[in-house]
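Here are the chains, one letter per residue:
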Amino acid sequence: PQQKLSFDLGGPWAFYHLFWRAHNIEHLADLYAPEAQVAPGDKLWVPLLIRNDTDSPKQIELHPVLPPGWTVYPSSVMYPVAAHDSYSIQFITMAPQSQKGTWQTLSWNALTDGKNIGTVTLRVDVAGNYLPQ
């Protein structure tokens, strides 16, 4: 097996990719774009997962790329990932009232040793109605 670093959405998005593989329906990944919905001012949970399948520990730096007015906690951060291990990160984002009724794209870039190891993108519907929690 090839040694590599990977960076993906975690939580339910990761579950569906594993489910599709287990049931030999991976072609569904081509039909599915990761999406979420949030009301302006409400918190949106974004789980991310870094995997280090190499033989050495890595320092991974994450940088959010968000539309104007969005807030994120934490902002760019460095994460230590041991060899043959993974690291789960949870971000909280909030959309401004000004983007109500629009679709927005949130991204995170992962870098190590100055090189990009991946980008995770999530399309978000900034809902005009209130959502059940």
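What counts and what doesn't
Residues numbered from 1 in each chain as written. Predicted model: local features only at pLDDT ≥ 70, side-chain atom pairs only at ≥ 80, totals over all residues. Heavy atoms only, no water. Helix = DSSP H or I, 4+ residues; strand = E, 2+ residues; numbered from the N terminus. Polar contact = N/O pair within 3.5 Å; in protein donor to acceptor, adjacent residues only side chain to side chain. Contact = heavy atoms within 4.5 Å. Salt bridge = Lys/Arg side-chain N within 4 Å of Asp/Glu carboxyl O. Buried < 20%, exposed > 50% of the residue type's maximum accessible area, 1.4 Å probe, protein only.

A.B. asks: Describe in detail the side chain of Ser107, supporting the description with residues and values.
C.D. replies: Position of Ser107 relative to the elements: it lies in strand S8 (residues 102-112). Within polar-contact distance, the side chain of Ser107 engages the side chain of Thr121 at 3.3 Å. Setting aside its immediate chain neighbours within four residues, Ser107 contacts His63, Pro64, Val65, Leu66, Thr119, Val120 and Thr121.

A.B. asks: Which residues make up the pattern of salt bridges, and what values go with them?
C.D. replies: A complete count under the given rule lists 2 salt bridges for this structure. Of the charged contacts in the structure, one is a salt bridge between Glu35 and Arg123, with a shortest N-O distance of 3.4 Å. Linking Glu35 in strand S2 (residues 35-38) with Arg123 in strand S9 (residues 115-126), this pair joins segments that are 88 residues apart in sequence. For Arg123, a relative accessible area of 34% puts it in the partly exposed group.

A.B. asks: Now, about unusual backbone geometry: what can you tell me, with residues and values included?
C.D. replies: Of note, the amide linkage connecting Tyr73 to Pro74 takes the cis form, showing an omega dihedral of -10°. For His84, which is not glycine, the phi torsion reads 55° and is therefore positive. Here His84 lies in the loop between strand S6 (77-81) and strand S7 (85-94). Phi is positive for Asp113, which is not a glycine, with a value near 50°. Relative to the elements of secondary structure, Asp113 occurs in the loop between S8 and S9.

So, to be careful, I would describe these as geometric facts and stop short of saying anything about function.
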